[in-house]
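# Survey of secondary and tertiary structure
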Amino acid sequence: MNETPQSERLHIALFGRRNVGKSSLINALTGQQIALVSDVPGTTTDPVIKSMEILPLGPCVLIDTAGFDDTGKVGALRSERTREVIKQTDIAIIVTDGSTLDDETAWAGLLKQANVPYVAVLNKVDLMEEVASTLLAGIAKRLGCDVVPVSALNGTGLDLLRKTLAGLMPENGKQSLTGSLAQAGDTVLLVIPQDPQAPKGRLILPQVQTLRDLMDKGCIATCCTTEGIDQALASLREPPHLIITDSQVFDIVEKKKPEGSILTSFSVLMAAHKGEIQYFVESAAAIDRLTERSLVLIAEACTHAPLAEDIGREKIPRMLRQRVGQGLTIDIVAGKDFPKDLRGYDLVIHCGGCMFNRKFMLSRVEQCRAQGVPMTNYGITIAHVKGILDKVSLP
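Quick summary incoming for the structure in this document. The shown structure was predicted, so the numbers you read here are calculated from the model rather than taken from an experiment.

### Focus: the overall build of the protein
Helix and strand counts for the protein come out as 13 helices and 14 strands. Scored against the burial criterion, the 395 residues of the protein give a buried share of 51%. Across the protein, every contact between residues at least 6 apart in sequence was considered, and the portion connecting residues at least 24 apart equals 75%. Of the roughly 18,300 Å² that the protein leaves accessible, carbon and sulfur atoms contribute 51%.

### Observations regarding the sheet that holds strand β14 (residues 375-377)
Strands sit in the order β12-β11-β13-β14 across an open sheet of 4 strands; the sheet is parallel. Edge positions in the sheet fall to β12 (329-334) and β14, since each of these pairs with one other strand and no more. On average, each strand axis in the sheet is tilted by 25° relative to the strand beside it, whichever way the strands run. Inspection of the sheet shows strand β11 (residues 295-300) paired to strand β13 (residues 347-350) by 4 bridges, in the parallel sense. Pairing of Leu 297 across the sheet is with Val 348, part of β13. Most of the contacts of helix α12 (residues 358-370) go to β14, to which it runs at about 140°, and overall it touches β11, β13 and β14.

### Thoughts on the nonpolar core
Counting residues in each nonpolar core, the largest one holds 55 residues, and the members touching the most others are Val 296 and Leu 320. Sort the elements by how many residues they give to this core and helix α11 (residues 311-324) lands first, with 5 residues. Apart from the residues lying within four places of it in its own chain, the contact partners of Leu 320 are Ile 287, Leu 290, Val 296, Gly 325, Leu 328, Ile 330, Ile 349 and Val 385. Counting 24 residues, the second largest nonpolar core, distinct from the first, contains Val 20, Ile 26, Ala 28 and Val 119.

### Description of the side chain of Gln 209
Its location among the elements puts Gln 209 in helix α6 (residues 205-217). Side chain to side chain, Gln 209 and Glu 8 meet in a polar contact 3.3 Å long. Look past the residues within four positions of Gln 209 in its chain and what remains in contact with it is Pro 5, Ser 7, Glu 8, Leu 177, Met 270 and Cys 354.

### Things to note about helix α3 (residues 102-113)
An ideal rise of 1.5 Å per residue puts 16 Å on 12 residues; α3 measures up with 17 Å between its terminal C-alpha atoms. If you check which residues of α3 are buried, you get Glu 104, Trp 107, Ala 108 and Leu 111. Buried residues of α3, seen end-on, are gathered within an arc of 110° and therefore sit on one face of the element. Exposed side chains of α3 directed beyond 90 degrees from the buried face belong to Asp 102 and Gln 113. One or two residues past the end of α3 sits Asn 115, with phi positive at roughly 60°.

### Comments concerning the pairing of strand β7 (residues 187-191)
Burial runs high along β7: 4 of the 5 residues are buried. Across 5 bridges, the pairing between β7 and strand β8 (residues 220-224) is parallel. Across the sheet, Val 188 pairs through a bridge with Ala 221, a residue of β8. Pairing of β7 with strand β9 (residues 242-245) involves 4 bridges; the strand directions are parallel. Bridge pairing links Leu 189 to Ile 243 in β9.

### A few points about the packing of α11 against helix α13 (residues 378-385)
Two numbers describe how α11 lies on α13: the axes approach to 11 Å, and their chain directions differ by 30°. Here α13 runs roughly parallel to α11, going by the angle between their axes. For the pair α11 and α13, the crossing hand works out as left-handed. Between α11 and α13, the residues in contact are Ile 311, Gly 312, Ile 316, Met 319, Leu 320 and Arg 323 and Tyr 378, Thr 381, Ile 382, His 384 and Val 385, respectively.

### A closer look at the sheet that holds strand β2 (residues 48-54)
Strands sit in the order β2-β3-β1-β4-β5-β6 across an open sheet of 6 strands; the sheet is mixed. One side of each edge strand has no neighbouring strand; the edge strands of this open sheet are β2 and β6 (147-149). Along the sheet, successive strands turn relative to each other by an average axial angle of 25°, direction set aside. Bridging between strand β5 (residues 118-122) and β6 involves 3 bridges; their strand directions are parallel. Looking across to β6, one finds that Val 121 is bridged to Val 148. Running at roughly 150° to β5, helix α4 (residues 133-143) makes contact with β4 (91-96), β5 and β6 of the sheet.

### What to know about the pattern of salt bridges
By the definition in use, this model includes 19 salt bridges. One salt bridge in this structure joins Asp 159 and Arg 162, with 2.9 Å as the shortest N-O distance. One end of the pair, Asp 159, and the other, Arg 162, are both in helix α5 (residues 158-167), 3 residues apart, so they sit about a helical turn from each other. Owing to a relative accessible area of 16%, Arg 162 belongs among the buried residues under this scheme. A salt bridge links Arg 313 to Asp 310, with the shortest nitrogen-to-oxygen separation between them at 3.8 Å. Note on Asp 310: relative accessible area 2%, which makes it buried. Residues joined in a network through salt bridges with shared partners are Arg 17, Asp 97 and Glu 104.

Criteria and cut-off values
Residues numbered from 1 in each chain as written. Predicted model: local features only at pLDDT ≥ 70, side-chain atom pairs only at ≥ 80, totals over all residues. Heavy atoms only, no water. Helix = DSSP H or I, 4+ residues; strand = E, 2+ residues; numbered from the N terminus. Buried < 20%, exposed > 50% of the residue type's maximum accessible area, 1.4 Å probe, protein only. Contact = heavy atoms within 4.5 Å. Areas by Shrake-Rupley, 256 points an atom, 1.4 Å probe, with all protein chains shown as cover. Pairing = 2+ DSSP bridges. Axes fitted to C-alpha atoms, helices over the stretch in contact; angles between N-to-C directions. Core = buried A, V, L, I, M, F, W, Y, C linked by side-chain atoms within 4.5 Å. Polar contact = N/O pair within 3.5 Å; in protein donor to acceptor, adjacent residues only side chain to side chain. Expected span 1.5 Å × (residues − 1). Arc of directions from axis to C-beta. Parallel < 35°, antiparallel > 145°, perpendicular 65-115°, else oblique. Left-handed = near helix turned anticlockwise from the far one by under 90°. Salt bridge = Lys/Arg side-chain N within 4 Å of Asp/Glu carboxyl O.

As structure tokens, then:
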């Protein structure tokens, strides 16, 4: 990998009525013709996503959405997709031309409800003889946020907008993947199985991100396969402070772990980095209450074609049915497919979510919690089923 993955970038979404200049503003912020600009209302249909480096914000994902005042049957579908974008939005920009604020006020309410920080942009100021302070104050009062006057055409106000966006950046975007488990100078052993699911010639994303996190901290990282763990441990002068492994070989690695070392998994690290680790651990107790009449949902962020022994589609279902009975019903969804109504499920088991940003994963956590459905993740599930969850260190 040679660039920051989308899941680790700040997600900035633009919302507004048709033809207020959302697409033009995207192009002005990026300095590229990313979004199609037209005088025809409704030019933007599906959300348009572009990864960029924008100072002083750093790696970002900019999302251009369809106008929330779109009409007709197709327009209603577009508006629904625009509402779905809120789930993955770290910072929102409400773009307006100041002509009306009824729709904008309603969408500001949706953003507040989702705990998304936002700023308003009064666009097309190049067409105004004067930007009245009373107009800006009125927009600020109605929408409950700062207002930045901007011209996407000539660039007026773009620097102030970038500065305002930087002030809204969430603090949790700066958290370490390994948390307090590893500090500068610690020796860390990464046990990385190579099975049919591992891309040939590459490491999977959580492994790459963990390695980079350890390097940034100044740790000394050593990697080996499951078969090479004995040789790797023997090559070290002292036992490693931390061992990180794949959840699927938890039990194998735990038996070989030196007494002074602590153990965790890539999936557990991702659970804490993207979701709520304590909620996942508490929810794992629901596994003990499953029966053959229970219904479980397994959700993964990836949409890859499954290979043999896929962890979400084959290994975890097999573990659960061996424990509960073959009559256990398991539904599987992938990508951004996720039922709105979860109340029929006894448990949701999610992957580590390495392909989703934290905001999107937390939206699923909140959905489960609001509907009273326990939610855990792959690594926590495997550790619980194998009876070693109490021996796994949490970030």
